[in-house]
Amino acid sequence: MGLALLAIIWIITFISTYFFAAKTWWLPKGVAAAAPAIDNQFAFTYVAMGIVFVLAQGALGFLVWRYRDRGDLRKVSYSHGNTKLEVLWTALTAMLFIGLNLMGSPIWAAERFEPAKPDALPVEVTGMQFAWYFRYTGNDGKFGATKPELIDPSSGNEAAIGLNTNDPAAKDDVISGTMYLPVNREVDLQLRAIDVIHSFFVPAFRFKQDAVPGLRIHMHFTPTEIGDYEIACAELCGMGHYKMHGMVKVVSQADFEKWLADREAAKQ
Ligand SMILES: [Cu+2]
């Protein structure tokens, strides 16, 4: 019986490890400036945890077999554990956990807490059940005011985010259901949510941040490759959560300016 358990534990361990290892990479190609560092962190965590998993499951199978019922009638002695070993593996686990956090947090903190570059493009992202809206400042470089009482999700773009069209700064604001970004230019993102918590997730940018009602959260990142990338909501936000996705189109600076000018012209 002990041997059968050992075999089952080891077989499950090695088969599941094989399937994880055989799929060498789990994310789409990274196309943002911070992506290589995040991928390194991801790969390191993945391999370190894989080794821990295989060693722990290997030891479990071995010990199940080693201390199997041998059918003799000797009195069983109960062990209260081994303090030295417990201190050792608790310390090792803590080191791994805290170490991974220390390694990873500067990558995220740089996007979150360091200010964006002065020439960064300000883009406001508003999440609502169940759509994303993207707002650009227009020529004045300023976002117009919004008012909660003007929010009307059932109507078009401007009212959906509660834009106060009487504010002069709001006149040239461009609002879009698709995100356009110029390549290789930093984006100064401002995240808002109208109703519940959403999470703005662009796997290709390795970027994920909650959008929280009542907060304006600043983050910044730099897309590095022209292309279309998927946006998903990564926070279970209601019945329509599954369809709350969008596209970000990374284009050349010239194409971006043209798109913005066309949108601006369409407002006149
Ligand atoms: Cu959502």
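Computed from a predicted structure; not experimentally measured. The written sequence of each chain sets the order in which its residues are numbered from 1. Local features in a predicted model are, by the rule used here, given only for residues with pLDDT of at least 70; side-chain atom pairs are given and counted only at 80 or more, and totals for whole chains, interfaces and linings are based on all residues. Each side-chain value is worked out from all heavy atoms of the structure, with water and hydrogens disregarded.

Caption draft 1: View of the packing of helix α1 (residues 2–22) against helix α2 (residues 35–66). Between α1 and α2, the shortest axis-to-axis distance is 7 Å and the interhelical angle comes to 170°. Considering the angle they form, α1 stands roughly antiparallel to α2. Residues Gly-2, Leu-3, Leu-5, Leu-6, Ile-9, Trp-10, Thr-13, Phe-14, Ser-16, Thr-17 and Phe-20 of α1 touch α2, and the partners they reach there are Tyr-46, Phe-53, Val-54, Gln-57, Gly-58, Leu-60, Gly-61, Phe-62, Val-64 and Trp-65. Amino acids outside the nonpolar list (Ala, Val, Leu, Ile, Met, Phe, Trp, Tyr, Cys, Pro) and the charged list (Asp, Glu, Lys, Arg) are all regarded as polar, and Gly is one of them. Among the residues making up the contact of α1 with α2, the classes are represented as 14 nonpolar, seven polar and no charged. In this description, a line fitted to the C-alpha atoms serves as the axis of each element, helices being fitted only across the stretch in contact, and the angle between N-to-C directions of two axes falls anywhere from 0 to 180 degrees. To qualify as a helix, a DSSP run of H or I must reach at least 4 residues; to qualify as a strand, a run of E must reach at least 2; elements of each kind are numbered from the N terminus. Reported orientations rely on four angle classes, namely roughly parallel under 35 degrees, roughly antiparallel over 145, roughly perpendicular from 65 to 115, and oblique for the rest. Two residues qualify as a contact provided that any one of their heavy atoms is within 4.5 Å of a heavy atom in the partner residue.

Caption draft 2: Up close: the coordination of the copper ion. Bound to the copper ion are the protein donor atoms His-198 (ND1), Cys-233 (SG), Cys-237 (SG) and Met-244 (SD), situated 2.0 to 2.5 Å from the metal. Shown as donors are all N, O and S atoms within 2.8 Å of a metal ion, widened to 3.2 Å for Na, K and Ca; because water is not in the atom set, sites may appear incomplete. For four-coordinate sites, all angles between 85 and 135 degrees define a tetrahedron; for four- and six-coordinate sites, opposite donors beyond 155 degrees with the remaining angles between 65 and 115 define square planar and octahedral shapes respectively, and all other cases count as irregular. Classification of the site at the copper ion rests on its four donor atoms, whose angles at the metal span 92 to 123°, yielding the label tetrahedral. Here the donor residues of the copper ion are spaced in sequence according to H-x34-C-x3-C-x6-M. Of this pair, His-198 sits in strand β6 (residues 198–202) while Met-244 sits in the loop between β9 (227–233) and β10 (245–251), and the two are 46 residues apart along the sequence. Each member of the pair, His-198 as well as Met-244, carries the same accessibility label: buried. Relative accessible area decides the class of each residue, using a 1.4 Å probe on protein chains only: under 20% of the type maximum gives buried, over 50% gives exposed, and in between gives partly exposed.

Caption draft 3: Summary view of α2. Its 32 residues place the ends of α2 46 Å apart at the C-alpha level, agreeing with the 46 Å of an ideal helix rising 1.5 Å per residue. Of the residues making up α2, those classed as buried are Ala-35, Asp-39, Gln-41, Ala-48, Gly-58 and Gly-61. Looking at the packing, one finds that the buried side of α2 touches α1 and α3 (83–112). Helix span is expected to be 1.5 Å times the residue number reduced by one.

Caption draft 4: Here's a closer look at the domain arrangement of the chain. Under the domain assignment, the chain is made up of domain 1 (2–68 + 80–112) and domain 2 (121–267). Between the C-alpha centres of domain 1 and domain 2 the distance comes to 37 Å. Between domain 1 and domain 2, the residue contacts involve 15 residues of the former and 16 residues of the latter. Together, the buried faces of domain 1 and domain 2 total about 1,300 Å²; carbon and sulfur atoms form 52% of this surface. We define buried area as the total accessible area lost by two parts upon association, computed with a 1.4 Å probe and summed across both. Summed over the three residues of domain 1 that lose the most area to domain 2, namely Val-31, Glu-111 and Arg-112, the buried surface amounts to 48% of that side. Put simply, a salt bridge is a Lys or Arg side-chain nitrogen that is within 4 Å of an Asp or Glu carboxyl oxygen. Taken together, the connections running from domain 1 to domain 2 amount to two salt bridges. The split of the chain into domains comes from an automatic or database domain assignment.

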